[in-house]
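Residue-level structural notes
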Amino acid sequence: MKLSQIATILQTEFNANDVEISGMNTLKDANANEVSFVANAKYIKDIKDTNAAAVIISADLVKHLPKTSVALVVPHSYIAMAQLSKYFAPVIEDETLAAAIVGEGTKVSPKAELAKGAVIGKNCTILAHVYIGTNVRIGDNTVIYPNATVYRDCVIGNDCMIHANSVIGSDGFGFATNNRGEHTKIYQNGNVVLEDDVEIGSNTSIDRAVFGSTRVKKGSRIDNLVQVGHNCEIGEYSVMAAQVGLAGSTTLGRNVVMGGQSASAGHLSVAPFTTIAGKGGISNDIKESGKTFAGFPLMEHRAWLKLQVKIARLLK
Amino acid sequence: MKLSQIATILQTEFNANDVEISGMNTLKDANANEVSFVANAKYIKDIKDTNAAAVIISADLVKHLPKTSVALVVPHSYIAMAQLSKYFAPVIEDETLAAAIVGEGTKVSPKAELAKGAVIGKNCTILAHVYIGTNVRIGDNTVIYPNATVYRDCVIGNDCMIHANSVIGSDGFGFATNNRGEHTKIYQNGNVVLEDDVEIGSNTSIDRAVFGSTRVKKGSRIDNLVQVGHNCEIGEYSVMAAQVGLAGSTTLGRNVVMGGQSASAGHLSVAPFTTIAGKGGISNDIKESGKTFAGFPLMEHRAWLKLQVKIARLLK
Amino acid sequence: MKLSQIATILQTEFNANDVEISGMNTLKDANANEVSFVANAKYIKDIKDTNAAAVIISADLVKHLPKTSVALVVPHSYIAMAQLSKYFAPVIEDETLAAAIVGEGTKVSPKAELAKGAVIGKNCTILAHVYIGTNVRIGDNTVIYPNATVYRDCVIGNDCMIHANSVIGSDGFGFATNNRGEHTKIYQNGNVVLEDDVEIGSNTSIDRAVFGSTRVKKGSRIDNLVQVGHNCEIGEYSVMAAQVGLAGSTTLGRNVVMGGQSASAGHLSVAPFTTIAGKGGISNDIKESGKTFAGFPLMEHRAWLKLQVKIARLLK
């Protein structure tokens, strides 16, 4: 799409050199063929170094923009970004088995659906009613149980196991809300990457990134009914028990253990070898490695135990 | 079914005019061709105004019944209602694509299943392994991702998106328990209505109503792994983050926001523009609009923050 | 597999009589053709009475072993057990409808998948996109809604109902972790048994046992998005509301009621007729029947209410 067309979509002025735009991205990651946006004061510091071809921006921030980026000035930059995201969402395709490339020794149920452009490695097993979307890539020796769904563009490593009815790559929960309380969808044009030796339980949802990738690193173990929000990163060998929930853009270090029904707010970072007890709720970064936490609000497990003693005393 | 047959099923006396009965309903909503019941003291006030052809009722309450309704006197009215509900449950059908009506520009995967009597509008996309039950109606421009299930009789609006492996219209969790602790299923003969511009995440369950409809209003956004119980009503533009749970018959006003893993007990009403923090638990009606709550038991967010300070002090 | 081959796999010495080994099991349940293991001090007491053909064991515990069992001495018995479990995992098969045995009056959607060796009773309804694995047995009058998955070897009784997208028999969450933090999968070679008159909601996961069976007893009612861990036992007529989670090896007595989003840690026992309020968390055995509990940590409901009064006072 031409940058001039984007200006028309956003109903903003345009009198710069016209270029072909391939997609949208964050200020940090956008290249000279991508459009970015600034919608949050927190990211103002990223404006001056952006390589984006153009930035959706409010009038008061234009002064921070480098000369290499065109300003697309709008009254509500987050809503404008949401509106534009739709134009970069690929058309949903659903084509047949014949179009996929399948390695030696791989068994695909005739009742599975492999979309166009999917590439599956050797010695995999894809059971009935599995859906593998457009351009998905899967390594060797991976097993996908019935009724699991892998959305387009996702990447799955070697030696993975995805249990029945799990969903890899559904849309992250993203929308911009106007001052009448109405929501505009932010199309989630990123993907999910599962590295090697990852096991995902049944009925688990791992959302695709809005830009870039949601990533589950090597050797992780994710149980049933777990929620992983868009743009999260799960560290190597991490363990997430059943019904854990991670909001978007949270990063777990390696060997983090999260007990059943524990959760984290979004945009947080959890140090390696952290353990969170069942039902615990993370609402701040955890910076020091190797500790155990419990409760909501979260506290060190030892403090939590002490608190329970105090509460018991209070009751007497 | 004839009213006399119903009396036979319920093993109760019958010496009134016989009429054809089309279904069951609440005291308030039943019409002159429906049977109702009273099983809870809370609803005694509704007896005198009912239009029901007949009411399943205990002997002591018959005196409140208007003359226009036949009394079906039983020892345990809730169990009797459950027993009768089975007779109004439609036979489960599973017929082929050919019988569905599909609008112009709509793409249906040959691996999807559209049951008899389904009607789908224009420019929809129905992906592989989706199940659309008998008599489902779907508007225009709606996308349903793989392995989603829509049970019979549900209604889905225009511009909706249902992500993979979600379930619209599974049975509400209803049963009557006798004094030996055994349960009799209450067949859930209502439906689910999603209005226009509703987005449902992956692995979410929205249960059908026992009578009438579970309703998700225009512009709502529901994330992954969410539970919406039977007969709930979700207000316009409401937002439910991942793993939220609503028990049956709860009503959210417009623009209510529920954080991840928060929940509500059943039969409650939440005022418009209310925000519930993650993991919060609603156990009473919320009557004033625009406030933010947290914790379980729920309190105003400000009080909850204060409580955490007190608890921190207690620990010193 | 020969015992000598197992010794080779585990890289341990072997100079005993060679026998054919049919599988693995616990010290208590292993027979003279099975291999067992001891990986937890808690189970040392079971060593001396085991009937296992051989036991994977650390050098210091060999002295407790009866002469009828061969010692397979390894440095890390739990990891060795995990490594061996893979060799007893059956090959994943996916064969066609024709090979299943289906009783009179049973309707199976042509879009369902019945694997080889499945046996289904009379008057069942199996809807589209259901997957019934190898050797599954199903009784009479059972209904399985679309996109549900039943893994191999599971047993489902008469008069059951499984709602859409639920999973019966996915792998329990089992692995052994070495001192570099890497995990080895413990193959889950047991099954799930649902007894008669069990109803399972939508998007629920019931994991198969590592050895033996995960069991849901007669007349139980399990709602949507519920997690039942491997080797749990749910008592007759128990009720689990939406989003409840049970970790592995927990036993509920009959008529236990668990409110929405409540949970239990693993390896616990809950007395009959216990009620757990919504969001409550069980972390110890409940020995006395008929009580109601709430909160996390769990306390009697009356104490929990009192605590809330104290907390309200604290806030003033």
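Note that the structure is a prediction, hence the values are computed from the model and not measured. (Residues numbered from 1 in each chain as written. Chains lettered and ligands numbered in written order. Predicted model: local features only at pLDDT ≥ 70, side-chain atom pairs only at ≥ 80, totals over all residues. Heavy atoms only, no water.)

Some details on the domain arrangement of chain A
Residues and elements named next belong to chain A. Taken as a whole, chain A is organised into domain 1 (3–88) and domain 2 (97–303). Averaged C-alpha coordinates put domain 1 and domain 2 at centres separated by 30 Å. Contacts between the two partners involve 13 residues from domain 1 and, on the opposite side, eleven residues from domain 2. Taking both sides of the interface into account, the surface hidden between domain 1 and domain 2 amounts to around 990 Å²; carbon and sulfur atoms contribute 69%. In terms of surface lost to domain 2, no three residues of domain 1 exceed Ile79, Ala82 and Ser85, which account for 38% of the buried area on that side. Our count for the contact surface shared by domain 1 and domain 2 stands at zero salt bridges. The interface formed by domain 1 and domain 2 holds two residue pairs in polar contact (both at pLDDT 80 or more) in total. (Domains from an automatic or database assignment. Contact = heavy atoms within 4.5 Å. Buried area = accessible area lost by both parts, 1.4 Å probe. Salt bridge = Lys/Arg side-chain N within 4 Å of Asp/Glu carboxyl O. Polar contact = N/O pair within 3.5 Å; in protein donor to acceptor, adjacent residues only side chain to side chain.)

Here we look at the relation of the copies chain C and chain B
Of the transformation superimposing chain C on chain B, the axial component is 0.0 Å and the angular component is 120 degrees, with the fit at an RMSD of 0.0 Å. A rotation of that kind, with that shift, is consistent with a three-fold axis. (Least-squares fit on C-alpha atoms with pLDDT ≥ 70 in both.)

Considerations on the interface of chain A and chain B
Contacts between the two partners involve 51 residues from chain A, matched on the other side by 43 residues from chain B. At the boundary of chain A with chain B, total buried surface from both sides reaches about 3400 Å², with 57% on carbon and sulfur atoms. Together, Ile92, Phe173 and His183 of chain A form the three largest contributors to the area buried by chain A at its contact with chain B, with a combined 20%. The tally of links from chain A across to chain B stands at two salt bridges.

With respect to the sheet that holds strand β5 (residues 101–102) of chain B
Residue and element names in this part refer to chain B. The sheet built from nine strands is open, its strands ordered β5-β8-β11-β14-β19-β22-β25-β28-β31 with parallel pairing. Since the sheet does not close on itself, it has two edges, and those belong to β5 and β31 (269–270), each with one partner. Where strand β28 (residues 251–252) and β31 come together, two bridges link them in parallel fashion. The partner of threonine 251 across the bridge, within β31, is serine 269. (Pairing = 2+ DSSP bridges. Helix = DSSP H or I, 4+ residues; strand = E, 2+ residues; numbered from the N terminus.)

Side note on the pattern of salt bridges
Residue and element names in this part refer to chain A. On inspection of all chains with the given rule, the structure shows 42 salt bridges over all chains. Here lysine 48 makes a salt bridge to aspartate 49, at a shortest N to O gap of 3.8 Å. Residue classification places lysine 48 among the exposed residues on the basis of a relative accessible area of 55%. Residue aspartate 49 is classed as exposed on the basis of its relative accessible area, which comes to 55%. Sharing partners across several salt bridges, the network here consists of Arg152, Asp153 and Arg208. (Buried < 20%, exposed > 50% of the residue type's maximum accessible area, 1.4 Å probe, protein only.)

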